[in-house]
Amino acid sequence: VRTLRPGKGRDPPPHGRRAMVDLSPALGDVESEDYGEDYWVICLQEVAGCPAILRLISGVPESIAAESYEDRVTIAWRYSPEEDGLPCDADSARMDFFEDVLVESVEAQMNACLAIVSTAKGTKEWVVYSNTPDDVAGFIEQLVQQNDLPIELRRDKDPNWQEYRRLMETAEAE
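Worth saying up front: this structure is predicted, and the values here are computed from it rather than measured.

Section: the side chain of Ser130
Tracing the sequence through the fold places Ser130 in strand S6 (residues 123–130). Since its relative accessible area comes to 0%, Ser130 is described here as buried. Within the local environment of Ser130, its side chain forms a polar contact with the backbone nitrogen of Thr132, the two atoms lying 2.8 Å apart. The contacts of Ser130, once residues within four sequence positions are left out, are Ser68, Tyr69, Glu70, Asp71, Met110, Asn111, Ala112 and Val136.

Concerning the environment of Lys124
By secondary structure assignment, the location of Lys124 is in strand S6. As a C-alpha pair, Lys124 and Arg78 span 46 residues in sequence and 6.6 Å in three-dimensional space. With residues up to four places along the chain from it excluded, the contact list for Lys124 reads Arg55, Ile75, Ala76, Trp77, Tyr79, Met95, Asp96, Glu99, Val117, Ser118 and Thr119.

Comments concerning the packing of aromatic side chains
Counted under the stated rule, the structure contains 5 aromatic pairs. Residues Trp77 and Phe98 carry aromatic rings whose centres are separated by 6.0 Å and whose planes lie at 70° to one another, so their mutual orientation is edge-to-face. Note that Trp77 is positioned in strand S4 (residues 71–78) and Phe98 in helix H1 (residues 89–109), a separation of 21 residues in sequence. As far as burial versus exposure is concerned, Trp77 and Phe98 are alike and both buried. With a centroid separation of 5.8 Å and 85° between ring planes, the pair formed by Trp161 and Tyr164 is classed as edge-to-face. Using a relative accessible area of 0% as the deciding quantity, one classes Trp161 as buried. Taken together, the ring pairs connect Trp77, Phe98 and Trp126 into an aromatic cluster. Here Arg55 stacks its cationic end above the ring of Trp40, 4.7 Å away from the centre of that ring.

Parameters and conventions
- Residues numbered from 1 in each chain as written.
- Predicted model: local features only at pLDDT ≥ 70, side-chain atom pairs only at ≥ 80, totals over all residues.
- Heavy atoms only, no water.
- Helix = DSSP H or I, 4+ residues; strand = E, 2+ residues; numbered from the N terminus.
- Buried < 20%, exposed > 50% of the residue type's maximum accessible area, 1.4 Å probe, protein only.
- Polar contact = N/O pair within 3.5 Å; in protein donor to acceptor, adjacent residues only side chain to side chain.
- Contact = heavy atoms within 4.5 Å.
- Phe/Tyr/Trp six-rings, centres within 6.5 Å; stacked < 30°, edge-to-face > 60°.
- Lys NZ or Arg CZ within 6 Å of the ring centre and 35° of its normal.

Now the structure itself:
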């Protein structure tokens, strides 16, 4: 497992936090850039011989009260993996665009926080904590229908952000 901490000196993009990661085919060199205080912790693992990528926000943003964001919405996109288990370039581009829409719409307008993104073995998942899970789920379902996206939703109560905290502890232990 490789846990990355951000570098220095880059202004945040309009939607807040996005680390630029250059993954070589052999998971060699990895670069991370700091986009301000609100950045990702990135972990690279190998699962069954294939890369697994996990991104976690480095901490709960000060602008939200985590205890009021007690619902977890998990968005799972199933894809046909390449040999290395990761999505092809075309799927990856669609997923990146989806994530941009997700962040710009859901975080900005629906009292939600994208906290976890994982990619491995044919599935990419985004985990959003929210105090308006019906709005988040409704927005995602509308996107799925309008764009014929291979996405499934799960909703769970997670008032203490246990899933996020468990993954962060794992990342920090490595």
